[in-house]
Amino acid sequence: MPICTNCHHPWTRGELWKASLTLKQSMTCPHCGAEQFQTKESRKKGSLLLLIIPLGMLISFVANGLGWGWWSLILYLAVVVAVYVYFFPKTVRLTDTEEPLW
């Protein structure tokens, strides 16, 4: 779980999801109010985690072509969402300065 670099407050999952679902690049610490940013490595890991969605959709469409039905796509998407919700907070690391992605 991410930890504030200013006050060393560990963020909860709910606090992290609330802060990350905004359009701002920065996230405000719920404890001290300091502006926090995801590290470059953290953003790359989060992007890689999202790559399982199109890959799995392709597999599901192939399964549908084999006669498995649309339920396989729905089941896969439910599993992907659950995996992303579980692993995303584990990949987030915070810093007090904004880092360029490349």
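Everything numeric in this text was worked out from a predicted model, so none of it was measured.

Here is what the cut-offs are and how they apply
- Residues numbered from 1 in each chain as written.
- Predicted model: local features only at pLDDT ≥ 70, side-chain atom pairs only at ≥ 80, totals over all residues.
- Heavy atoms only, no water.
- Pairing = 2+ DSSP bridges.
- Helix = DSSP H or I, 4+ residues; strand = E, 2+ residues; numbered from the N terminus.
- 1 Å grid on protein atoms, 1.4 Å probe; cavity = no way out; pocket = protein on both sides within 12 Å on 5 of 7 lines; lining within 4 Å.
- Points joined across faces, edges and corners; volume = space filled by probe spheres on them.
- Nonpolar A, V, L, I, M, F, W, Y, C, P; charged D, E, K, R; others polar.
- Phe/Tyr/Trp six-rings, centres within 6.5 Å; stacked < 30°, edge-to-face > 60°.
- Buried < 20%, exposed > 50% of the residue type's maximum accessible area, 1.4 Å probe, protein only.

Participant: Honestly, the sheet that holds strand 3 (residues 94-95) in this entry has me stumped. Any pointers?
Facilitator: Picture the strands of a sheet paired through backbone hydrogen bonds; they go either parallel or antiparallel. The strand order across the open sheet formed by three strands is 1-2-3, and the pairing between neighbours is antiparallel. Each edge of the open sheet carries a strand with a single partner, namely strand 1 (27-28) and strand 3.

Participant: Teacher, can you tell me more about the layout of surface pockets here?
Facilitator: Over the atoms rolls a probe the size of a water molecule, and its path tells where empty space is left. When its volume is computed, the largest pocket comes out at roughly 320 Å³. Together, 15 residues line the largest pocket, and S20, Q25, Q38, R43 and F88 are the ones closest to its centre. Put simply, the parts of the chain that give the lining of the largest pocket at least two residues each are helix 1 (13-20), helix 2 (40-50) and helix 4 (71-91). Per element, the largest residue contribution to the lining of the largest pocket is four residues, and it comes from helix 2. A per-class count over the lining of the largest pocket returns seven nonpolar, six polar and two charged.

Participant: Explain the pairing of strand 2 (residues 35-38) to me, please; I cannot follow it from the model alone.
Facilitator: On a regular strand, one side chain projects to one face of the sheet and the next to the other, so that they alternate. As paired strands, strand 1 and strand 2 are joined by two bridges and run antiparallel to one another. Residue pairing across strands places T28 opposite E35, the latter belonging to strand 2. Connecting strand 1 to the antiparallel partner strand 2 that follows it, the hairpin turn spans six residues, and G33 within it adopts a positive phi of roughly 85 degrees. As paired strands, strand 2 and strand 3 are joined by two bridges and run antiparallel to one another. The partner of Q38 across the bridge, within strand 3, is L94.

Participant: Got a minute to help me understand the packing of aromatic side chains in this structure?
Facilitator: Within a pair of aromatic rings, the relevant descriptors are the distance that separates the centres and the angle that separates the planes. Following the criterion strictly, the structure yields four aromatic pairs and no others. With 5.0 Å between their ring centres and 45 degrees between their planes, W17 and F88 make a pair best called tilted. Of this pair, W17 sits in helix 1 while F88 sits in helix 4, placing them 71 residues apart in sequence. Here the aromatic rings of Y84 and F88 are separated by 5.4 Å at their centres, their planes lie at 25 degrees, and the arrangement is stacked. Residue Y84 and its partner F88 are located together in helix 4, separated by four residues, close to a single helical turn. Classification of F88 by relative accessible area gives buried; the value is 7%. Within the aromatic cluster, the residues linked to one another by ring pairs are W17, Y84 and F88.

Scope: geometric values only; no functional claims are made or implied.
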